[in-house]
Amino acid sequence: MFRSCSTWRIFLIFDSLENFWVIFTVIDDLFLLCIMLSLYFHIPFCVQQCKYCSFSVLSCATETMIHDYLNRLHQEIDTYGKIFGWQEIKSLYFGGGTPNLIWEKEIISLIEHCEQMFNFENFWELSIECNPYPTEEVLHFVNVLQKHYKKRSRVRFSFWLQS
């Protein structure tokens, strides 16, 4: 049985600095038939918003706000895992914002939660966007995740530089 291929995206909508919602959308590609999904997690936290950036980011997040956001992501994984858990996941992508601003253990927790709720039998790639600064913290972040996922077929870190 073929089902339409879907990409999931998580967006953060700000009403004010105190109120925000996570919107987890499923976008169907009507032209491509497949049975695997790719999950995109938008991590909207940055040290500062770049002048050229048009993404939804928060540069003054508190630790409480980050924990609240991550808890909502876990709730969304539960919700959609119950609906689409049988679907194979081909890739996970953490973009932003700056995903490496949240803790390695939180990234690992999100991935492990996805592994519990979805089919990872034919998983292809884990991708994480990173800001290369501060260098020592980023190297630690990369090393922890590389060690933890050394048996994965592909773990990709995308570093971006700014002028």
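Note that the structure is predicted; figures quoted are calculated from it, not measured. (Residues numbered from 1 in each chain as written. Predicted model: local features only at pLDDT ≥ 70, side-chain atom pairs only at ≥ 80, totals over all residues. Heavy atoms only, no water.)

Q: So what exactly am I meant to see when it comes to the layout of surface pockets here?
A: It is a probe the size of a water molecule, rolled over the atoms, that shows where empty space is left. Of the volumes computed, that of the second largest pocket is approximately 220 Å³. Counting residues per element, the ones that place at least two in the lining of the second largest pocket are helix H1 (63–84) and helix H3 (135–148). The element contributing the most residues to the lining of the second largest pocket is H3, with four residues. The class makeup of the residues in the lining of the second largest pocket is nine nonpolar, three polar and three charged. (1 Å grid on protein atoms, 1.4 Å probe; cavity = no way out; pocket = protein on both sides within 12 Å on 5 of 7 lines; lining within 4 Å. Points joined across faces, edges and corners; volume = space filled by probe spheres on them. Helix = DSSP H or I, 4+ residues; strand = E, 2+ residues; numbered from the N terminus. Nonpolar A, V, L, I, M, F, W, Y, C, P; charged D, E, K, R; others polar.)

Q: I'm lost on the pattern of salt bridges in this one. Help?
A: Opposite charge on two side chains makes pairing possible when the charged atoms of those side chains draw close. Counted under the stated rule, the structure contains three salt bridges. For arginine 152, the salt bridge identified is with glutamate 115, shortest N-O distance 1.9 Å. Of the two residues, arginine 152 is situated in the loop between H3 and strand E6 (155–159) and glutamate 115 in helix H2 (residues 104–117); the sequence distance between them amounts to 37 residues. By relative accessible area, which is 25% here, arginine 152 ends up partly exposed. Close ionic contact of arginine 154 with glutamate 125 constitutes a salt bridge, the shortest N to O distance being 2.8 Å. In this pair, arginine 154 sits in the loop between H3 and E6 while glutamate 125 sits in strand E5 (residues 125–130), placing the two residues 29 residues apart along the sequence. Arginine 154 gets classed as partly exposed once you look at its relative accessible area, which sits at 49%. Among the ionic contacts, a cluster of salt bridges with common partners joins Glu125, Arg154 and Arg156. (Salt bridge = Lys/Arg side-chain N within 4 Å of Asp/Glu carboxyl O. Buried < 20%, exposed > 50% of the residue type's maximum accessible area, 1.4 Å probe, protein only.)

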